[in-house]
Amino acid sequence: MYRIRIESIPGLFSIYRYGVNEKIHYEKLFEEDIMSITRTLDEVSIVCRNEIEMPGADIDPDWRLMRITGQLDTSLVGILYRMTAPLKEKGVSAFVISTFDTDYLMVKREKFHAAIDALNGEVGITAYE
């Protein structure tokens, strides 16, 4: 079984949603240490720190961000399931960002400690606050 170490990223994050045809000013985002932009056929989702203002978007603020430490092999199976299944059992919703190197997991601020406890209760997972 692959051992998973999850570390918390300090601060609070927001999820923004724009329509796919809306004009978005991304420039300031590329100065940030952490941000994610995903464009699909239906929307543009942006994740960044709460302090960044993205006018004209729908916003869901106050998320805590965690990441799997190290680089994951893209052929690994079940990593997201192993992270989200214990959260489901505790009623904690999650927002996931996957990159080439690793996976990031976001939970609402008020559910953060419940998420850490749930993750640490799983064999092979260690989550750090």
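Scroll up to find the structure this text is about.
Residues numbered from 1 in each chain as written. Predicted model: local features only at pLDDT ≥ 70, side-chain atom pairs only at ≥ 80, totals over all residues. Heavy atoms only, no water.

Draft legend 1. Quick peek at the overall build of the protein chain. Helix and strand counts for the protein chain come out as 2 helices and 7 strands. What you see in the protein chain, going N to C, is helices and strands ordered as β-β-β-β-α-β-β-α-β. Since a compact globule built from 129 residues should have a radius of gyration of about 14 Å, the 15 Å found for the protein chain is in line with a globular shape. C-alpha atoms of the protein chain, sized along the principal axes, occupy 45 × 35 × 25 Å. Residue burial in the protein chain is summarised as follows: out of 129 residues, 40% are buried. (Helix = DSSP H or I, 4+ residues; strand = E, 2+ residues; numbered from the N terminus. Rg over C-alpha atoms; globule rule 2.2 N^0.38 Å. Buried < 20%, exposed > 50% of the residue type's maximum accessible area, 1.4 Å probe, protein only.)

Draft legend 2. Here's a closer look at the pattern of salt bridges. Inspection of the entire model under this criterion finds 4 salt bridges. Lys108 serves as the salt-bridge partner of Asp60, at 2.7 Å between the closest nitrogen and oxygen. Here Asp60, found in strand 4 (residues 58-68), pairs with Lys108, found in strand 6 (residues 103-108); they are 48 residues apart in sequence, far enough to count as distant. Arg109 is the partner of Asp62 in a salt bridge, and the nearest nitrogen-oxygen pair spans 3.4 Å. Placement of the pair is Asp62 in strand 4 and Arg109 in the loop between strand 6 and helix 2 (112-120), with a sequence separation of 47 residues. (Salt bridge = Lys/Arg side-chain N within 4 Å of Asp/Glu carboxyl O.)

Draft legend 3. How the structure looks around the pairing of strand 3 (residues 43-49). Buried residues dominate strand 3, accounting for 6 of its 7 residues. Of the pairings in the sheet, the one linking strand 1 (residues 4-19) to strand 3 comprises 7 bridges and is antiparallel in character. Bridge pairing in strand 3 links Gly19 to Glu43. Sheet analysis places strand 2 (residues 36-39) next to strand 3, joined by 4 bridges and oriented antiparallel. (Pairing = 2+ DSSP bridges.)

Draft legend 4. Highlighting the nonpolar core. Counting residues in hydrophobic clusters, the biggest one holds 16 residues, and the most contacted among them are Ile6, Met66, Leu87, Leu105, Val107, Ala115 and Leu119. Those elements that place two or more of their residues in this core are strand 1, strand 4, helix 1 (79-89), strand 6, helix 2 and strand 7 (125-128). A per-element tally of this core places helix 2 first, with 5 residues. Among residues more than four places away in sequence, those in contact with Ile6 are Met66, Arg67, Ile68, Met83, Leu119, Ile125, Thr126, Ala127 and Tyr128. Tyr16, Leu29, Cys48 and Ala57 belong to the second-largest nonpolar core, a separate cluster that totals 10 residues. (Core = buried A, V, L, I, M, F, W, Y, C linked by side-chain atoms within 4.5 Å. Contact = heavy atoms within 4.5 Å.)

Draft legend 5. Inspection of unusual backbone geometry at higher detail. The phi torsion at Asp62 lies on the positive side, around 70°, for a residue other than glycine. In this structure Asp62 comes out as partly exposed when scored by relative accessible area, which is 21%.

Draft legend 6. Local environment of helix 2. For helix 2, every residue scored as buried is listed here: Phe112, Ala115, Ile116, Ala118 and Leu119. Around the axis of helix 2, the buried residues are gathered within 165° of arc, so they sit on the same side. (Arc of directions from axis to C-beta.)

Draft legend 7. Highlighting the side chain of Ser36. Assignment of secondary structure puts Ser36 in strand 2. With relative accessibility at 16%, the residue Ser36 sits in the buried group. When near neighbours in sequence (up to four residues on either side) are disregarded, Ser36 contacts Ser45, Ile46, Val47 and Ile97.

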